[in-house]
Amino acid sequence: MAPTISNEILLAATKEFATPLYVYDEERIRYQYATLSRAFNKLDVNIFYACKALSNINVLRIFQQLGAGIDCVSLNEVQFALRAGFDPAKIIFTPNSVSIEDYVEARSLQVNINIDNLHILKQFGELYGNTYPVVVRINPHILAGGNIKISTGHIDSKFGISIDQAEQILDIVTETGVVVKGLHLHTGSEIKEVEVFLNGLNLILELSKKFKDLDIIDLGGGFKVPYKPNETGVNIQELGTTLSEKITAFEASQHKKIQVWFEPGKYLVSEAGYFLTKATILKENPTRSFVGVDSGFNHLIRPMFYDAYHIIQNISNPNGALKTYNVVGNICETDTFAWDRELNEVRPGDILCFKNAGAYGFEMSSRFNSRVRPAEVLVNKNGIQLIRRRETLEDLLEGQVL
Ligand code: LLP
């Protein structure tokens, strides 16, 4: 059984640290990592945690201790990873739309570099020739993912170098001597179908035959986790078996060994996270009942930005009669967390818990309406620990010319 945090502990955390509050379950993070590693244990696999999902350095340290790698999309994320103790060889820098200076800096830090643009590949090759092998991100022209905003592998996406431009990559290799040690693809987030991963893998394996120095295939992240009640996520065991068979057969046919890299975010941390808010007001108008909470899209934007569904539970009144509410935030915009949601009767002061809030929750938070960002706590064998304090008015003013 996957570990979860009890309502008693969640309520205790809100008593100690107030709301709104993000709570993360270390045991669950470890469980997700172990499950994923086990599913691919027939392969030479490296899991790079996509830390854009949740970059608190205390969470990064858990992955570092587990022996994971880490996927970073900005130089600051690379700096976080280094401070968390990751070896540069365990860090991959996968930016997009950044200029060559960022790649030069990443090279000086000796991390793995993933290039997703022909011009940058050429500039990088001209600077470093064959001295710094790189991974190249391919756009496989596959449309997949929970919704269009989180689909990255389709033909109109800004990400990657089109698979139709493979010859141009090879020309740059010939001209500059740059060594392509790996090919990468990431088709999108919340992908459930094993077939989508298999199609991507087939394309990449076929293309990899053209690169003589290649021994890495990076299949990105995007494993679906269940958000709605009765929904299922990707079947990670089936995925592991299917991909492992394919890769093992490829290795045998090509007489070479392949390292397989993954970079999941959601799968590793989403279900380990809980977002706790307090009901501030109730309002009945002629058409709806509203429950307002002490948060808004400044703290959890997924419902508004992606129409994402998060289970919400009234953990202060779990046996209360079921009633239907619109759950709304306190931002001066229409920030609706949930429409027509059945909850156990909500009273002012009750704690509403949003499930599956570990990935892209705190990480996408902002200070909109001059509200501070919430605290983050980690629950583990040592109890409940504060890993980021709540911001203050002084934090909001800091840096402004007063
Ligand atoms: N690798 C690359 C190159 C990516 O662009 C991403 C996510 C990942 C790995 C990790 O994907 P994951 O395993 O977490 O699905 N904010 C959105 C998700 C956007 C993901 C962006 N890239 C959300 O909250 O649904």
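Fair warning: this is a prediction, and the values are worked out from it, not measured in the lab. (Residues numbered from 1 in each chain as written. Predicted model: local features only at pLDDT ≥ 70, side-chain atom pairs only at ≥ 80, totals over all residues. Heavy atoms only, no water.)

**Examining the packing of aromatic side chains**
Inference 1: Tallying each qualifying case throughout the model produces 17 aromatic pairs.
Inference 2: By way of ring pairs, the aromatic residues Y22, Y24, F275, F337, F354 and F362 are connected into one cluster.
Inference 3: Sitting above the plane of the Y309 ring, R341 keeps its charged end 3.9 Å from the centroid. (Phe/Tyr/Trp six-rings, centres within 6.5 Å; stacked < 30°, edge-to-face > 60°. Lys NZ or Arg CZ within 6 Å of the ring centre and 35° of its normal.)

**Regarding unusual backbone geometry**
Inference 1: With an omega of -10°, the peptide bond running from T19 to P20 counts as cis.
Inference 2: Within the secondary structure, P20 is located in the loop between α1 (7–17) and β1 (21–25).
Inference 3: Even without being glycine, S97 reaches a positive phi, approximately 55°.
Inference 4: As for its placement among the helices and strands, S97 is situated in the loop between β4 (91–93) and α5 (100–108).
Inference 5: Of note in the backbone geometry, Y360 takes a positive phi value of approximately 60° without being a glycine.
Inference 6: Inspection of the secondary structure assignment puts Y360 in the loop between β16 (351–354) and β17 (375–380). (Helix = DSSP H or I, 4+ residues; strand = E, 2+ residues; numbered from the N terminus.)

**So, the side chain of E251**
Inference 1: As for its position among the elements, E251 is in helix α9 (residues 236–254).
Inference 2: With near-sequence residues (within four places) excluded, E251 lies in contact with K256, K257 and I258. (Contact = heavy atoms within 4.5 Å.)

**Some details on the site of the ligand**
Inference 1: Near the ligand you find 19 residues, and of these S189, E263, K266, R302 and Y360 are the closest.
Inference 2: In the environment of the ligand, an oxygen atom lies 2.6 Å from a nitrogen or oxygen atom belonging to the side chain of R302.
Inference 3: Relative to its unbound accessible area of 580 Å², the ligand is 92% covered by the protein chains.
Inference 4: Split by residue class, the shell around the ligand holds six nonpolar, six polar and seven charged.
Inference 5: Shared between two domains, the shell around the ligand takes at least three residues from each, and those domains are domain 1 (26–269) and domain 2 (270–397). (Near = heavy atom within 4 Å. Polar contact = N/O pair within 3.5 Å; in protein donor to acceptor, adjacent residues only side chain to side chain. Areas by Shrake-Rupley, 256 points an atom, 1.4 Å probe, with all protein chains shown as cover. Nonpolar A, V, L, I, M, F, W, Y, C, P; charged D, E, K, R; others polar. Domains from an automatic or database assignment.)

**A short note on the side chain of N46**
Inference 1: Looking at where N46 falls in the secondary structure, it is placed in strand β2 (residues 44–50).
Inference 2: Within the local environment of N46, its side chain forms a polar contact with the side chain of Q259, the two groups lying 3.2 Å apart.
Inference 3: Ignoring sequence-local partners within four residues, the contact set of N46 consists of K90, Q259, V260, W261 and F262.

**Some details on the nonpolar core**
Inference 1: One finds Y49, F63, V269 and V327 to be the most contacted residues of the largest nonpolar core, which totals 103 residues.
Inference 2: Ranked by residues supplied to this core, first place goes to helix α8 (residues 194–208) with seven residues.
Inference 3: Counting contributing residues per domain, this core is built from domain 1 (26–269) and domain 2 (270–397), each supplying no fewer than three.
Inference 4: Not counting chain neighbours up to four residues away, the residues in contact with Y49 comprise L54, V59, L60, F63, G69, I70, D71, P264, G265, L268 and V269.
Inference 5: Counting 14 residues, the second largest nonpolar core, distinct from the first, contains V23, L276, C353 and V377. (Core = buried A, V, L, I, M, F, W, Y, C linked by side-chain atoms within 4.5 Å. Buried < 20%, exposed > 50% of the residue type's maximum accessible area, 1.4 Å probe, protein only.)

**Quick word on the pattern of salt bridges**
Inference 1: In total, this model carries 19 salt bridges according to the counting rule given.
Inference 2: When the shortest N-O distance is used, the salt bridge between K122 and E126 registers 3.2 Å. Placement of the pair is K122 and E126 together in helix α6 (residues 118–128), with a separation of four residues, close to one helical turn.
Inference 3: Among the ionic contacts, a cluster of salt bridges with common partners joins E190, K224, E231, K266 and R302. (Salt bridge = Lys/Arg side-chain N within 4 Å of Asp/Glu carboxyl O.)

**Observations regarding the domain arrangement of the chain**
Inference 1: Assigned domains of the chain: these are domain 1 (26–269) and domain 2 (270–397).
Inference 2: Spacing between the C-alpha centres of domain 1 and domain 2 amounts to 32 Å.
Inference 3: Across the boundary between the two partners, domain 1 contributes 25 residues, which contact 22 residues of domain 2.
Inference 4: At the boundary of domain 1 with domain 2, total buried surface from both sides reaches about 2100 Å², with 52% on carbon and sulfur atoms.
Inference 5: Where domain 1 touches domain 2, the interface holds two salt bridges.
Inference 6: For E190, the salt bridge identified is with R302, shortest N-O distance 3.0 Å.
Inference 7: Ranked by the residues each element gives to the side of domain 1 that touches domain 2, the list is headed by helix α2 (residues 26–39), at four residues. (Buried area = accessible area lost by both parts, 1.4 Å probe.)

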